[in-house]
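# A closer look at the structure
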Amino acid sequence: MRFKFFVTLSLAFCASAAVPTPKSHFGHEIGVDKVLLDWDQVVAYYHKLEKSSDRLRVKEIGKTAYGRPFIAVTISSPETMKNLDKYLEIQRRLADPRITSPAQAEPMFAQGKNVVLMTCSIHATEVASTHSAIEFAYKMLTEDSPRFQAIRQNTILILVPSLNPDGVDIVTQWYRKTLGTKFEGSQPPELWQKYVGHDNNRDWYIFSQPETRATISQLHNVWHPEIVYDVHQQGANASRIFIPPWLDPVEPNVDAIIGQEMNMIGTSMASDLTAAGKTGVAVNAAYDFWNPSRHYQSFHAGLRILTESASARLASPITLRHDQLATNPLGYNAQERSWNHLEPWAGGTWHLRDIIDYQEIAFESCLYNAAIHREDMLRNFYKVGQRAIARTTPWAFVIPAEQRDPGATRKMLETLAFGQVEIEKAPNGDRLIRMQQPYSSWAKALLERQNYPDLRFYPGGPPKRPYDVTAETLPLLFGVDVKTVDKPLNATLVKETYGDAPAATAFSASDTDAWKTANRIWKSGKPVWRDQRTGEFSASDRGAGWKKLNQPRIGLYKSFVPAMDEGWTRWILENFGFDYMSVKNADIQAGNLRAKYDVIVFADQHPDDLTDGFEKGSMPDEYTGGLGEKGAAALKDFTKSGGTLLFFNHSTAYAIAQLGVPAKNVLDGVANKDFYSPGSLLNVKVDTTSPLTRGLPAEMTIWSEQSPAFTSDQPSVMNYTNDHVLASGWLLGEKLLNGKSALVDAKLGEGHVILFGLRPQYRAQSYQAFKLFFNAITAYEQ
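Residues numbered from 1 in each chain as written. Predicted model: local features only at pLDDT ≥ 70, side-chain atom pairs only at ≥ 80, totals over all residues. Heavy atoms only, no water.

### Points about helix α17 (residues 514-523)
Since the α-helix turns once every 3.6 residues, residues separated by three or four places project in the same direction. Taken across its 10 residues, α17 has seven buried, putting it largely inside the fold. For α17, the set of buried residues is A514, W515, T517, A518, N519, I521 and W522. Elements that come into contact with the buried residues of α17 comprise β18 (528-531), β19 (537-538), β20 (546-549) and α23 (767-778). After α17 finishes, the residue G525 shows a positive phi value of roughly 90 degrees. (Buried < 20%, exposed > 50% of the residue type's maximum accessible area, 1.4 Å probe, protein only. Helix = DSSP H or I, 4+ residues; strand = E, 2+ residues; numbered from the N terminus. Contact = heavy atoms within 4.5 Å.)

### A short note on empty space enclosed by the protein
Rolled over the atoms, a probe with the dimensions of a water molecule shows which regions are left empty. Tallied over the entire structure, the rule returns seven cavities of 30 Å³ or more. Counted as a void, the largest cavity has a volume near 140 Å³. Every residue lining the largest cavity is counted, 13 residues in all, and those nearest its centre are W204, H220, V228, R294 and R304. Breaking the lining of the largest cavity down by element, the ones donating at least two residues are α10 (210-223) and β5 (227-234). Across the lining of the largest cavity, the residue classes tally to four nonpolar, six polar and three charged. (1 Å grid on protein atoms, 1.4 Å probe; cavity = no way out; pocket = protein on both sides within 12 Å on 5 of 7 lines; lining within 4 Å. Points joined across faces, edges and corners; volume = space filled by probe spheres on them. Nonpolar A, V, L, I, M, F, W, Y, C, P; charged D, E, K, R; others polar.)

### Overview of the pairing of strand β29 (residues 716-720)
Two faces make up the sheet, and in a regular strand the side chains alternate between them. The sheet contact formed by strand β26 (residues 678-686) and β29 spans three bridges and is antiparallel. The partner of V684 across the bridge, within β29, is Y720. Summarising the sheet, β29 and strand β31 (residues 741-748) pair through three bridges and their orientation is antiparallel. Paired with N719 across the two strands is S741, which belongs to β31. (Pairing = 2+ DSSP bridges.)

### Things to note about the pattern of salt bridges
In the structure shown here, the tally under the stated rule is 44 salt bridges. The residue D38 makes a salt bridge to R176 at a minimum N-O spacing of 2.8 Å. Note that D38 is positioned in the loop between α2 (22-26) and α3 (39-52) and R176 in helix α9 (residues 165-178), a separation of 138 residues in sequence. The exposure class assigned to D38 is buried, which follows from its relative accessible area of 18%. On the basis of relative accessible area, R176 is assigned to the partly exposed category, the value being 41%. With a closest N to O distance of 2.8 Å, E364 and R147 form a salt bridge. (Salt bridge = Lys/Arg side-chain N within 4 Å of Asp/Glu carboxyl O.)

What follows is the structure, given as structure tokens:
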């Protein structure tokens, strides 16, 4: 026995010694102050681990927006790693109770593994988790404690060291550039994802970005994880870490079993952190569980666990007194003891290493709880699927064959299918989405209207801010007619599959894809013609009423203050084939804009960012300043000579204040207890005679996120209805909108300034409103 024990220890020691330490690869301990990592070094380290251990595999699951390798790392026991296909098949069978009877599932509960997908640093300035993932992977290969043995034996960890590798390098390079200066620890003056920056964590139901699509198609939809643990950071003066339970509201289509298990895992993690001597642990605070753009897996039978750790200044420490901690986050006070924040942090100096320590305790706790609850969680995973396929109300959603916008309809169906929603076709061409399928809760959440609860701090008082938006109704965003049926249809249904859409050949003004057709024709060197009455496109002149449409010369303003909406606008323009040029402050201040551009677009951004940009001293000099008086004068000259300016949402305030556009935002200065539209869909009436609205119906819904509403003596293209303004989400102060304008087409000199009281390209989701944007680009082309 003594000899056997010695041999076992010796073998374990040799196996551990063969695994390269993080320090041996990176040249320093993980988590030291003022050091961040390069993505290629991170990838190289995981490949070294793979060569040294039979407990780990690395797979490139795609490329990032900038072309970097996007990897996932699978870790488990050697025996499990040898039989991954077996466990993959168990997951597939348990995920769909229609193909697995209870009797067949029973042995799978005993044999299967709890699959945990752990995703790090989707927000690249939240730097710690990529570091934590490196050190934790090393521990998974070398630690031989009973807890780690149980984790390896009972779980399969799929570790994504970063959901945003491009951002890892963007932030690291900026940090090194400013290290040792007064700008050390500041955020970079560019989006840390090519197009959408921080909004990459709002892409989980429209699936626009390559990192999102790879994660869904290669991990979520393949492995069907029981737990997805998403690792984040929050502000420096908040709790030291947040863990579920979540705040209300919880989206009503999330199965209660999932909600209870998230509570169980989250409170266990909080207990383990506290037992390890970590203070400032908050639960049931700050973060609700409403919007599916952040919670994909919880509509696919799995848990979403979120932790939010207090930040440092990137990799530089920050010192805070106890009385500098936040007193008014939702649900708790970071300075005070409460049932959900039992041991407040005393204050002090907070390092990158502190964040890593908290995160690694949380990682281990999450996985250990997954290990010890393995069989129960597999049973419940299967049971959630059973409950989904038993759904009867409604029986199905029906998407009629006849649609105003076939391109938007197809895109909506493709989006649902990408999220594993099953779609069937009836003999008359209608599409049906029956609720008796495993992911019916996902379809239902996206197809029905949202009724967000009226949550106030006290009766009649200010609203409790939702963590994100309150509406996600795809039919309203896409302009697609969808109906519900409560009884089975007597029809032969054929299951459809959706892949990449064919090249657009649409010409109808009501079909969003017609703009892809027009851009393809322009790029072939041929002209495009458009009917000035109906808006229909043609590749040839069809006589009276048709006008040759030249390819527009588009400028898109880009401030030194990075704006996610500018990135989304770039993505939309490129996705639909428009050529454009980024226009910076100096370009506008140089004047003579009409020689280069027909239209200049200003995405949603605070007007001060346009006027002043970063103040002197707040960033290196080359990134400071805005348009100033010189820029405003150049824009006025542009419109006087026939140019068109488009202003989205809050940037409209710049046009009113600096360019003298005769309009007033009636909501300016109104308290949020009197008006509140925190990401809602609102009904408007449309002037269909305007060139801005070609292809649109007389009534539609638009996106509103505390958006302006106008009065003006200039033409109003869209007005809010006088009743039933709210279509989906949450709205306070509806009467303030009655009859007000959501879109003003103002004449300025020979040109136009178009004020959008909305984001017409909102997060690549507001498909119907894209036409407003595209029409405005070409409406007044000279």
